[in-house]
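What the coordinates show
Residues per chain, in single letters:
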Amino acid sequence: MRRRSLLLAALSAPAFAAEPVPALLREVRQRLANEPVVRGVFEQRKTVKGFRNPLVSTGDFVVARDRGVVWRTLQPFASTLVVTRDRVLARGADGSVARRLSASEEPAVRAISETLFGVMAADLQALAQRFTIEGELVGREGWKLALLPRDAALARWVQRVELEGEHFLRGVKLAEGSGDLTQIHLARHTTSAALRPEEESQFE
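Report follows, based on the coordinates.

Parameters at a glance
Residues numbered from 1 in each chain as written. Predicted model: local features only at pLDDT ≥ 70, side-chain atom pairs only at ≥ 80, totals over all residues. Heavy atoms only, no water. Helix = DSSP H or I, 4+ residues; strand = E, 2+ residues; numbered from the N terminus. Contact = heavy atoms within 4.5 Å. Buried < 20%, exposed > 50% of the residue type's maximum accessible area, 1.4 Å probe, protein only. Phe/Tyr/Trp six-rings, centres within 6.5 Å; stacked < 30°, edge-to-face > 60°. Core = buried A, V, L, I, M, F, W, Y, C linked by side-chain atoms within 4.5 Å. Salt bridge = Lys/Arg side-chain N within 4 Å of Asp/Glu carboxyl O. Pairing = 2+ DSSP bridges. Axes fitted to C-alpha atoms, helices over the stretch in contact; angles between N-to-C directions.

**Things to note about the overall build of the chain**
A tally of helices and strands in the chain yields five helices and eleven strands. Expressed as a percentage of contacts within the chain between residues at least 6 apart in sequence, the contacts between residues at least 24 apart total 54%.

**Focus: the side chain of S102**
Here S102 shows up in strand 6 (residues 97-102). With a relative accessible area of 15%, S102 lands in the buried category.

**Quick notes on the packing of aromatic side chains**
The description of an aromatic ring pair rests on the distance of the ring centres and on the angle between the ring planes. Taken as a whole and assessed by the stated rule, the structure comprises two aromatic pairs. Between F42 and W71 the ring centres are 3.9 Å apart and the planes differ by 20 degrees, which places this aromatic pair in the stacked class. Note that F42 is positioned in strand 1 (residues 37-47) and W71 in strand 3 (residues 68-75), a separation of 29 residues in sequence. An aromatic cluster of three or more residues is present, and its members are F42, F61 and W71.

**Thoughts on unusual backbone geometry**
Glycine aside, the phi torsion of most residues is negative, and most peptide linkages are trans. Of the consecutive residues Q75 and P76, the connecting peptide bond is found in the cis state with omega at 0 degrees. The residue P76 is located in the loop between strand 3 and strand 4 (79-83) in this model. Here the phi dihedral of R188 falls at roughly 55 degrees; this positive angle occurs in a residue that is not glycine. By the secondary structure assignment, R188 is in strand 11 (residues 181-192).

**What about the nonpolar core?**
Core analysis: the biggest nonpolar cluster contains 40 residues, and L145 and L163 have the highest contact counts within it. The biggest single contributor to this core is helix 2 (residues 107-120), with seven residues. Excluding residues within four positions of it along the chain, L163 makes contact with V119, L127, W143, K144, L145, L147, L169, G171 and V172.

**A look at the pattern of salt bridges**
This structure, assessed with the given rule, holds eleven salt bridges. The network of salt bridges with shared partners includes R39, R196 and E199.

**Observations regarding the environment of E204**
Residue placement: E204 occurs in the segment after helix 5 (197-200). Given a relative accessible area of 68%, E204 falls into the exposed group. Residues contacting E204, with those up to four places away along its chain left out, are R87 and R91.

**Remarks on the pairing of strand 4**
Most of strand 4 is tucked away, with four of its five residues classed as buried. Here strand 3 runs beside strand 4; their pairing, made up of five bridges, is antiparallel. When the sheet's bridge partners are listed, W71 is paired in strand 4 with L81. With antiparallel pairing between neighbouring strands as the criterion, strand 3 and strand 4 make up a hairpin whose turn holds three residues. When strand 4 meets strand 5 (residues 87-91), the two strands line up antiparallel, connected through four bridges.

**Considerations on the sheet that holds strand 5**
Paired through their backbone hydrogen bonds, the strands of a sheet run either parallel or antiparallel. One open sheet holds the eleven strands; their spatial order is 6-5-4-3-2-1-11-10-9-8-7, and the pairing between them is antiparallel. Two strands close off the open sheet at either side, each with one partner strand: strand 6 and strand 7 (131-138). Ignoring strand direction, the axes of neighbouring strands in this sheet form an average angle of 15 degrees. Strand direction decides the pairing type here: strand 7 and strand 8 (residues 142-149), joined by eight bridges, are antiparallel. Bridge pairing in strand 8 places F131 opposite P149.

Rendered as structure tokens:
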């Protein structure tokens, strides 16, 4: 996975209210959709340290709560990233495996895969194990969260994550330890009870 990152965000984030985390997370969880499968499209803007213009990519995604995330980039170059709780798999445009990272072989991969899965699936319970979380509820449906890593090793990869949404996760900002910044906008969400056969095959 390129520099082991998907996302990233501005460090000059807005101030978040110091609301008790458990109560806040319960409220956010109640506002989020709970369907087994969520699909949508994304635009990702990644600013690499030292470069003025961001790298922009677009594509679609599938989040299956009991399986993982399929992140399919369509532009500018086709590729697919499959993230489960214990594995990260990158496929090229022809479907061949370009890179495979397994938690059983590299212990650090579990932290990365669980974080990526937790962020994209908005799995707040899992994220709370690795991050301190602050945030606020916005209006009757919205919410914003800021995540800071509890562990110094994880902080070397990601320094801060910001999430926002309402019924669905809408925005992700991530600041990497390298200084790179990524912002992702998610839209056109749909839900279903199960994966399609072609989506199921991505996890095999």
